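Working through the structure, step by step
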Amino acid sequence: QVQLVESGGGLVQAGGSLRLSCAASGSDFSINVMGWYRQAPGKARELVATITSGGRINYADSVKGRFTISRANAKNTVYLQMNSLKPEDTAVYYCNLHKIVGSYEYWGQGTQVTVSS
């Protein structure tokens, strides 16, 4: 029983920046991975970035050098700083939490990011 709430999406011009936040609540999380995924209309959901409770990070090649993921473990909160945004980044961005123990996975409801050209 975990609830994830995303915030920070919106409209931005190409080259601009947005910062997404996701706060998790409701359960004993133990060791986990939190991350961001995105899904554009007509396309499959894809990984953007993940970060473990120990600080290990990975990024999709398409966002390396532009996006930065971070987390505050005490609050089970994950952030995604998105710089140099491109129209191709337009998608619904979903927060994800994966518990290593028990193999539980939870998703937020998504926040829309729209990048205009």
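Refer to the structure presented above.
Anyway, here's the lowdown on the structure attached to this text. (Residues numbered from 1 in each chain as written. Predicted model: local features only at pLDDT ≥ 70, side-chain atom pairs only at ≥ 80, totals over all residues. Heavy atoms only, no water.)

1. Let's talk about the overall build of the protein chain
Along its length, the protein chain carries 0 helices and 11 strands. Along the first, second and third principal axes, the C-alpha set of the protein chain runs to 45 × 25 × 20 Å. Burial statistics for the protein chain: of 117 residues in total, 43% are counted as buried. Relative to all contacts within the protein chain whose residues are 6 or more apart in sequence, the contacts with residues 24 or more apart total 53%. For the protein chain, the accessible area works out to roughly 6200 Å², and carbon and sulfur atoms hold 49% of it. (Helix = DSSP H or I, 4+ residues; strand = E, 2+ residues; numbered from the N terminus. Buried < 20%, exposed > 50% of the residue type's maximum accessible area, 1.4 Å probe, protein only. Contact = heavy atoms within 4.5 Å. Areas by Shrake-Rupley, 256 points an atom, 1.4 Å probe, with all protein chains shown as cover.)

2. Notes on the nonpolar core
Residues L4, W36, L80, M82 and Y93 are the most contacted members of the largest nonpolar core, which totals 29 residues. L80 has contacts with L18, R19, L20, W36, V48, A49, F67, T68, I69 and Y93, leaving out every residue within four places of it along the chain. (Core = buried A, V, L, I, M, F, W, Y, C linked by side-chain atoms within 4.5 Å.)

3. Here's the deal with a nonpolar patch on the surface
Judged by side-chain polarity, I31, I100 and V101 come together as a nonpolar surface patch covering roughly 280 Å² of accessible area. By secondary structure assignment, the location of V101 is in the loop between β9 (91–99) and β10 (104–107). (Patch = residues over 30% accessible without salt bridge, like charges linked within 9 Å, V, L, I, M, F, W, Y side chains within 5 Å. Salt bridge = Lys/Arg side-chain N within 4 Å of Asp/Glu carboxyl O.)

4. A short note on the pairing of strand β4 (residues 32–39)
Taken across its 8 residues, β4 has 7 buried, putting it largely inside the fold. Pairing between β4 and β9: 8 bridges, direction antiparallel. Its bridge partner lying in β9, Q39 is registered against V92. As paired strands, β4 and strand β5 (residues 46–52) are joined by 6 bridges and run antiparallel to one another. Note on β5: the bridge partner recorded for M34 is I51. Hairpin connection between β4 and β5: a loop of 6 residues separates the two successive antiparallel strands, and G42 in this loop has a positive phi of roughly 80°. (Pairing = 2+ DSSP bridges.)

5. Quick word on the packing of aromatic side chains
Taken as a whole and assessed by the stated rule, the structure comprises 2 aromatic pairs. For the ring pair Y37 and W107, a centre distance of 5.0 Å and an interplane angle of 70° mean the geometry is edge-to-face. Residue Y37 is located in strand β4, and its partner W107 is located in strand β10; the two are separated by 70 residues in the primary sequence. The class of W107 is partly exposed, set by a relative accessible area of 35%. Directly above the aromatic system of Y94 lies the positively charged group of R45, at a separation of 3.8 Å from the ring centroid. A cation sits over an aromatic face here: R45 above W107, 4.6 Å from the ring centre. (Phe/Tyr/Trp six-rings, centres within 6.5 Å; stacked < 30°, edge-to-face > 60°. Lys NZ or Arg CZ within 6 Å of the ring centre and 35° of its normal.)

By themselves, these are just geometric observations and shouldn't be taken as functional.
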